[in-house]
Amino acid sequence: MNQAVAFDVTQAQLQGRTPAAPRRMEYGDPVRILGTIAVVVGHVCDMPLFSSHLAEPLSGDWWVCNIVDAAMRWAVPIYIMLSGALLLDPARNEPAGVFYRKRLARLGVPLVFWTAFFTLFSIYYTGWCPGWKDAGLNLLKGQPYAHLHFIYRIAGLYAFTPMIRVFLRHADRPMVMGTTATLLALSSLDSIANGLTGTDLSAFIRFAPFLGYYLCGYLLRETIVSNRQLLWFWVTVIVCIAALAGGTGLLVGRYGMKGYPSVSMILYDFNSPVRIVYAIAAWLILVRMFHRPLAERTGVWVGRWAATTLGLYLLHPAIREVLHLHNFTAVWPNVWLGIPLVAALVYIPSLLLVWLIMRVPYVRRICG
């Protein structure tokens, strides 16, 4: 495709007919791989960013971690958009019961296993969770460990996917666009309100603010931007990174360094206005970069690598924490070496461990 092409609802779809088979989105595997790398780098930067004993807020090291962390903040929203692009494909019209069985088989075991693992890990290894009462409260929040919010959000989106498919089958494109814009606007306003009031979501509704991203991935699943548009989206990404890092620095200087949800971290929240714009721009860049099929041999290896990404996402904080407790952090031996070095020390062992786990029958199910 040479020009920008938006996903159009064809006449056949409006009449209830769908294509014979789901379309393969060539960008899916590269986006998974790059997204997981970005998550690991961001999580490595999080440690000094939120820990004053590692980097004093607004110090030089803190600013480096802040800027790099901001540059990685496209990853989780784009995971959600990719799920929408794939699972809301009009050709995927299996009965709800079949869909739920397939998703439960993929997500159920990882959700239970890693929730139990990180609960025990945080109580008995890191000591960051004071006890079982706090662990139970974290579970009610839908984040028994910080990164596990993602799997609870995905579970909620899966629960509503069959209903969303019915809506998409009967709605025209303007209605879907309006619904998506409304959901993104509401989630953004909710994000701001949560930061101002210090309130948080529970496990039962944690997925809801991501519905806008989910539908946005569906709408933009086949959008290929022109060269000129690509340049403007790169400019948008750079501006968003500067706004995230610079704005957060200003807020931390005014209100102090605090965790989520807070005024200090209001821009970093998944649904802040800046992150919504950032995610959409990054998505359009990635789709443009990877929309063509890879060479056959390369595609096979990329596919195998991409298959490890869910397991790697779920496992890697354990490796990070082990390194952290032995003083291997993003500021060791200095921040310029520490970020790439520690990110590699987290990513590579996590990748190898997941690859080994996926070779073991039955056990492999904990990696999705």
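Note that the structure is a prediction, hence the values are computed from the model and not measured.

So, on to the packing of helix 8 (residues 173–197) against helix 11 (residues 273–290). Relative orientation of the contacting elements helix 8 and helix 11 amounts to 140°, with a least axis distance of 9 Å. Judged by the angle between their axes, helix 8 and helix 11 are oblique. Facing helix 8, whose interface residues are L184, S187, S188 and I192, helix 11 presents P273, I276 and I280. By residue class, the composition of the contact of helix 8 with helix 11 is five nonpolar, two polar and no charged.

Among the surface-exposed residues, Y125, W128, V322 and L325 lie close enough to one another that they form a single nonpolar patch of about 350 Å² accessible area. Mapping W128 onto the fold places it in the loop between helix 5 (96–125) and helix 6 (132–140). By relative accessible area, W128 is classed as partly exposed at 42%.

Applying the stated criterion to the full structure yields 23 aromatic pairs. Consider the rings of F113 and F117, whose centres lie 6.2 Å apart with planes at 15°: the pair is stacked. Of this pair, F113 and F117 both sit in helix 5, four residues apart, which is roughly one turn of the helix. Exposure remark for F117: the relative accessible area of 29% places this residue in the partly exposed category. Between the aromatic rings of F210 and Y213, the centroid separation amounts to 5.7 Å while the plane-to-plane angle is 85°, which identifies the pairing as edge-to-face. For Y213, a relative accessible area of 0% translates into the label buried. Here the aromatic residues F113, W114, F117, F118, F121, Y125 and Y145 are joined through ring pairs into a cluster of three or more.

With that out of the way, let us pick up the packing of helix 10 (residues 227–255) against helix 11. Two elements in contact, helix 10 and helix 11, have axes separated by 9 Å at closest approach and are oriented at 145°. As for the relative orientation of helix 10 and helix 11, their crossing is left-handed in sense. Facing N227, L230, F233, W234, T236, V237, C240, I241, A243 and L244 of helix 10, the residues of helix 11 in contact are V274, R275, V277, Y278, A281, A282, L284, I285, R288 and M289. In terms of residue class, the contact of helix 10 with helix 11 is made up of 16 nonpolar, two polar and two charged.

Further remarks concern the confidence of the model for the protein chain. Looking at the protein chain as a whole, the pLDDT averages 92, with 95% of positions reaching at least 70. Between residues 1–19, whose pLDDT stays under 50, and residues either more than four places distant or in other chains, the model counts 35 contacts.

Turning our eyes to something else, we now look at the pattern of salt bridges. Across all of its chains, the model carries 11 salt bridges by this definition. Among the salt bridges present, the one from D29 reaches R32, with a minimum N-O distance of 2.9 Å. Here D29 pairs with R32, and both are found in helix 2 (residues 28–50), just three residues apart, close to one helical turn. The exposure class assigned to D29 is buried, which follows from its relative accessible area of 12%. Under the relative-accessibility criterion, R32 is labelled partly exposed at 25%. With a closest N to O distance of 3.3 Å, R221 and E222 form a salt bridge. Residues R221 and E222 agree in their burial class; the two are buried.

A few words on the side chain of S264. You can see S264 is positioned in the loop between helix 10 and helix 11. Since its relative accessible area comes to 0%, S264 is described here as buried. Within the structure, the side chain of S264 is placed 2.4 Å from the backbone oxygen of G256, a separation counted as a polar contact. Those residues in contact with S264 that sit more than four places away from it in its chain are T248, L251, V252, Y255, G256 and K258.

Checked against the element boundaries, T126 lands in the loop between helix 5 and helix 6. Under the relative-accessibility criterion, T126 is labelled buried at 11%. Within the structure, the side chain of T126 is placed 3.3 Å from the backbone oxygen of S122, a separation counted as a polar contact. Only 3.2 Å separates the side chain of T126 from the backbone nitrogen of W128, close enough to count as a polar contact. Those residues within four positions of T126 in sequence are excluded, and the remaining contacts are F121, Y145, E321 and L325.

Mapped onto the elements of the fold, V40 is located in helix 2. On the basis of relative accessibility, which here comes to 2%, the residue V40 falls in the buried class.

Our focus in this paragraph is the environment of F290. With respect to the helices, strands and loops of the structure, F290 is situated in helix 11. Ignoring anything within four residues of it in the chain, the contact list for F290 reads E26, Y27, P30 and L34.

Analysis parameters
- Residues numbered from 1 in each chain as written.
- Predicted model: local features only at pLDDT ≥ 70, side-chain atom pairs only at ≥ 80, totals over all residues.
- Heavy atoms only, no water.
- Axes fitted to C-alpha atoms, helices over the stretch in contact; angles between N-to-C directions.
- Helix = DSSP H or I, 4+ residues; strand = E, 2+ residues; numbered from the N terminus.
- Parallel < 35°, antiparallel > 145°, perpendicular 65-115°, else oblique.
- Contact = heavy atoms within 4.5 Å.
- Nonpolar A, V, L, I, M, F, W, Y, C, P; charged D, E, K, R; others polar.
- Patch = residues over 30% accessible without salt bridge, like charges linked within 9 Å, V, L, I, M, F, W, Y side chains within 5 Å.
- Areas by Shrake-Rupley, 256 points an atom, 1.4 Å probe, with all protein chains shown as cover.
- Salt bridge = Lys/Arg side-chain N within 4 Å of Asp/Glu carboxyl O.
- Buried < 20%, exposed > 50% of the residue type's maximum accessible area, 1.4 Å probe, protein only.
- Phe/Tyr/Trp six-rings, centres within 6.5 Å; stacked < 30°, edge-to-face > 60°.
- Left-handed = near helix turned anticlockwise from the far one by under 90°.
- pLDDT = per-residue confidence, 0-100.
- Polar contact = N/O pair within 3.5 Å; in protein donor to acceptor, adjacent residues only side chain to side chain.

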